Amino acid sequence: MATATIAAVVILMNFIVIASAADVPKLEIFPSQKVQRKAVGQAMILTCRPNVPSPNLVADLQWKDNMNNTILPKPTGRNPPMFTEYMTGTESLALIINHLSVEMEGKYYCTASYATNEILETSVTVKTYVGITWTNAPENQNPILGEDYVVRCEVKADPNPTIDWLRDGDQIRTGEKYVVETNGLLIRNVQESDDGIYTCRAAVLETGELVERTIRVEVYSRPAITYLPTTLEATEGKPFSANCTATGKPVPEIFWIKDATQQNVATADRFQVNPLTGVLNINSVTQDDYGTYTCIAKNDAGVVDQKTKLNVLITPSIHFLYNVTGDSQKEIALTCRAKGRPAPEITFSRWGSDDEYAAGVQVDDERITLEQHFDEEKGESSGTLRIARAQRSDDGLYQCKARNTGGTAYATGHITVQFPPDFSHMKDLPPVFSWEERKVNLTCLAMSIPNATIEWRWNGKPLKDLNDKNLQIVGTGPRSDLIVHPVARQYYSVYKCVATNILGTSQIDIQLKEARVPEPVPAAEPKQLTATSITFDIRSPPVEFGMPITAFTVQYKEAINPDWSTAMNRSWSPDSPYIVEGLKPQTMYHFRFAARNQVGLGMWGVNTQQSTPKRSAPEEPKPLHSPVQNDIEEPVVVSPYSDHFELRWSVPADNGEPIDFYQVKYCPGVKMAGTWHELENQCQSVEVADSTSYEMSRLAGNTYYRIELRAHNIIGFSSPASVIMKTTRDNPYPNGVASTDHSISRLTIIAMVAICLFNSRSILNGQLNRLVAVW
């Protein structure tokens, strides 16, 4: 009972103490911790709230800073670093700090008066620290291939942080490859395999702050120019392209700089540059483009440059070439001058010839020398073609060729070789002929440079002084014609043509002769006789140079006819066969012959008599084919076809009776050891009338045929004309499939025939017939 009473008393006393504490007026700060720790740079709010029985008795509620200065409310339109303001709907006064600095660290007080005579006060301590801040830690970093590189990761914090590194989640420790330094991670001898994602981790043990920085590492390589010729060549007036290639990571950008002006040519007219490929294009090159250029390759890893020289080739141009004139047997020089870069080589050639003169003395003509001179600095050159002891054959057009690597220029000049009059072209001319007082033209043409003047003389006197109307001069040079009217024999004489120029005089005799008919024909012998024709061999009478025989004439009559006035006549040109046709068989004829020239028919010459033979079979016909030598011991006519052949022949003499038909016989076979062996059962014979050709058809390919041709008249057959003919090889598989019925080749047949030659004639015929059956 006493214990229970004591417990009740204790509970009552505690309740009284609690009730008394709740009635004590005070100020409360939220957050309620007495020490507030915040990072520098962060924003912060502290709230002070009265905890009193009668809130309406609270007055002068305010905040004081760490210097015990009253913190003022926020002024309108401004945002100071620190200010106070009442929280809406509450009796709390907030202290707002927008950006906490180290200087703001310290104790802050909240004060108020209560019931006019009681001062309330409470405080809070603000402590600051510096949070982890990345001061030099780029998220993308690019080391250079082959070099040492520090992956930068610099961090600021207070208290000081500790730094470690991760790659692919694994911690990196200092070793041969990596060294963890205060300002970053050192990677020795960077390789492409060092590409990747690295993690820089910063920790402040006192505050428990832990921050990671992800850094992407991509290895770059410095640019290197891999192709740029030391010299470049462009041609003036033509487009030009050059290439400067470079490697590197990232792909380098390429620039072209002209050293003389330090200009980026990509900005110049006529120039284009592809910065990725390094190709430089010039639309039309000028001489000013000559000079040194620098190719620059640049990327984020570095810059490299290399120089090249652009030589501008100037196409040659010829600016000096004049025609020259010189005297025969003296020196003549033709000079050609040209410009270009490099200085062009100058050569010469005769017009129409591709053969050029070589520098120096010519091997095939030591009179001719080609001299060449070059001035590379001025881009000029000259060439002189020097001809010693010039000849008439040196006269003509010469082509100068100026050539360099930029092209070739051409110009044409003329060398004129002066020489005295020359009549060598007339020395072999025949005399001039006239007859029956016909006017005749005596022409005198003098070859000379300069042109010669011509004078005619007769009997040692100038013709112009004779005033003879029968002698008329037309032209005084270089051609002159003397028209002679030979009304008397005295005009048939020698006339002298005299040509003169500044280099000399020359003369030639031109003879005017009286022309006569030919002398009698000295001989005419029968060469071939048939029943109706005779072919003669006629010997021409002597003729004078310039008066050729134009025809031969024959008169003929039967011997029983004494009157030549009724004789038959025939004439031939000198180059034709002398055949008299249409004669009677077994008849005696008398013949006489004469020659004709421009003057007329000469006297009848040789008289001869000849009898024609009796009527007989025709002469042997002549096939009109050209055989070729073959491997069967005699010439062969080759048919262009495998299955047919057209035989053609000329008409032979009929020997007194008309030919009524021709017989053509042809047999397949082979010639072995000089003997022809025929497939007798395969021979074919046809008669051909009113034609001199016959087409043999349905022949076998690649086969030899013996052809006999005979002419026939009422008396009989002529002797046979024989031809060996071979057809060409036919296609054994015309449809792409071999035929079983014709699989034995013609060559096999010939081989079997050869074997059979050693057997008897009957065995041969039997074998051949069986082969033909297979064929």
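The rules behind these values
Residues numbered from 1 in each chain as written. Predicted model: local features only at pLDDT ≥ 70, side-chain atom pairs only at ≥ 80, totals over all residues. Heavy atoms only, no water. Helix = DSSP H or I, 4+ residues; strand = E, 2+ residues; numbered from the N terminus. Rg over C-alpha atoms; globule rule 2.2 N^0.38 Å. Buried < 20%, exposed > 50% of the residue type's maximum accessible area, 1.4 Å probe, protein only. Disulfide = S-S within 2.5 Å. pLDDT = per-residue confidence, 0-100. Contact = heavy atoms within 4.5 Å. Polar contact = N/O pair within 3.5 Å; in protein donor to acceptor, adjacent residues only side chain to side chain. Pairing = 2+ DSSP bridges. Axes fitted to C-alpha atoms, helices over the stretch in contact; angles between N-to-C directions. Phe/Tyr/Trp six-rings, centres within 6.5 Å; stacked < 30°, edge-to-face > 60°. Lys NZ or Arg CZ within 6 Å of the ring centre and 35° of its normal. UniProt positions renumbered as here; feature names shortened; annotations may be inferred. Salt bridge = Lys/Arg side-chain N within 4 Å of Asp/Glu carboxyl O. Patch = residues over 30% accessible without salt bridge, like charges linked within 9 Å, V, L, I, M, F, W, Y side chains within 5 Å. Areas by Shrake-Rupley, 256 points an atom, 1.4 Å probe, with all protein chains shown as cover. Lys, Arg positive; Asp, Glu negative; His and termini not counted. Charge placed at Lys NZ, Arg CZ, Asp CG, Glu CD.

A. A look at the overall build of the protein. Looking only at helices and strands, the protein features 3 helices and 61 strands. Here the protein has a C-alpha radius of gyration of 65 Å; the compact-globule value for 775 residues is 28 Å, and the former is much larger. By principal-axis analysis of the C-alpha atoms, the protein measures approximately 215 × 100 × 55 Å. Residues classed as buried in the protein amount to 39% of the 775 residues present.

B. Local environment of the state of the cysteines. Going through the model one piece at a time under the given rule, you end up with 6 disulfides. Between the sulfur of Cys244 and that of Cys295 lies a disulfide, 1.9 Å long from S to S. The S-S bond linking Cys244 to Cys295 shows a torsion near -90 degrees; that makes this disulfide left-handed. Placement of the pair is Cys244 in the loop between strand E20 (240-243) and strand E21 (245-249) and Cys295 in strand E26 (residues 291-299), with a sequence separation of 51 residues. Residue classification places Cys244 among the buried residues on the basis of a relative accessible area of 0%. The side chain of Cys444 participates in a disulfide bridge whose partner is Cys497; the two sulfur atoms lie 1.9 Å from each other.

C. Focus on the confidence of the model for the protein. Across the protein, the average pLDDT comes to 87, with 90% of residues at 70 or higher. Counting contacts from residues 1-21, a segment whose pLDDT is below 50, to residues more than four positions away or on other chains yields 0 contacts. Between residues 734-775, whose pLDDT stays under 50, and residues either more than four places distant or in other chains, the model counts 38 contacts.

D. Seen up close, the side chain of Asn299. Secondary-structure assignment places Asn299 in strand E26. Polar contacts involving the side chain of Asn299 include one to the main-chain carbonyl oxygen of Ser221, which spans 3.2 Å. Within polar-contact distance, the side chain of Asn299 engages the backbone oxygen of Pro250 at 2.8 Å. Those residues in contact with Asn299, other than ones at most four positions away along the chain, are Ser221, Pro223, Gly248, Lys249, Pro250, Val251 and Pro252.

E. Structural view of the sheet that holds strand E49 (residues 578-580). Spatial strand order, E45-E46-E49: 3 strands in an open sheet with antiparallel pairing. The open sheet is flanked by strand E45 (523-529) and E49, the only strands paired with a single partner. Neighbouring strand axes in the sheet, compared pairwise and without regard to direction, differ in orientation by 35 degrees on average.

F. Representation of the sheet that holds strand E13 (residues 170-172). Here we have 5 strands laid out as an open sheet, ordered E9-E17-E16-E12-E13, and mixed in their pairing. Two strands in the sheet have a free side with no partner beyond their single neighbour: strand E9 (140-141) and E13. Bridging between strand E12 (residues 162-167) and strand E16 (residues 196-204) involves 6 bridges; their strand directions are antiparallel. From the neighbouring strand, Trp165 faces E16, where its bridge partner is Cys200.

G. Seen up close, unusual backbone geometry. Note the cis peptide between Lys249 and Pro250, where omega equals 0 degrees. With phi around 65 degrees, Asn68 is a residue other than glycine that occupies positive phi space. What makes Asn68 partly exposed here is its relative accessible area of 48%. A positive phi angle, close to 45 degrees, is found at Asn189, a residue other than glycine. Position of Asn189 among the secondary structure elements: in the loop between strand E15 (184-187) and E16.

H. Fine view of the packing of aromatic side chains. Applying the stated criterion across every chain, the model contains 12 aromatic pairs. The interplanar angle of 65 degrees and the centroid separation of 4.9 Å between the aromatic rings of Phe536 and Phe591 together place this pair among those described as edge-to-face. A residue pair is termed long-range when its members are at least 10 positions apart, and Phe536 in strand E46 (residues 534-539) and Phe591 in strand E50 (residues 588-596) qualify at 55 residues. The pair formed by Phe536 and Phe591 is uniform in burial state, with each residue classed as buried. The side chain of Arg592 reaches across the aromatic face of Trp564, ending 4.4 Å from its centre. Above the face of the Phe717 ring, Arg710 is positioned so that its terminal group lies 4.2 Å from the ring centre.

I. Fine view of the UniProt feature "domain: Ig-like" (unreviewed entry) in the protein. Within the UniProt annotation, "domain: Ig-like" (unreviewed entry) is assigned to residues 25-127, 146-216, 223-311, 316-416 and 421-511. From the first C-alpha to the last, residues 25-127 spans 28 Å; its make-up is 0% helix and 52% strand. With 0% helix and 61% strand, residues 146-216 has its two end C-alpha atoms placed 18 Å apart.

J. Summary view of the pattern of salt bridges. Following the criterion strictly, the structure yields 25 salt bridges and no others. Here Lys307 ties to Asp259 by a salt bridge, and the two come within 2.9 Å at their closest N and O atoms. With Lys307 in strand E27 (residues 302-321) and Asp259 in the loop between strand E22 (253-258) and strand E23 (263-264), the pair connects residues that are 48 residues apart, well separated along the chain. As a salt-bridge pair, Glu708 and Arg706 come within 4.0 Å of each other at their nearest N and O atoms.

K. Examining a negative patch on the surface more closely. A cluster of acidic residues, Asp643, Glu646, Glu695 and Asp730, forms a negative patch at the surface. Mapped onto the elements, Glu646 comes out in strand E55 (residues 645-650). Judged by relative accessible area, Glu646 falls into the partly exposed class, the value being 38%.

L. Expanded view of the pairing of E22. Of the pairings in the sheet, the one linking E22 to E26 comprises 6 bridges and is antiparallel in character. Note on E26: the bridge partner recorded for Phe255 is Ile296. Bridge analysis of E22 against E23 gives 2 bridges, and the strand direction is antiparallel. For Lys258, the partnering residue across the bridge sits in E23 and is Gln263. Following E22, the chain reverses through 4 residues before pairing antiparallel with E23; Gln262 in that reversal takes a positive phi of roughly 55 degrees.

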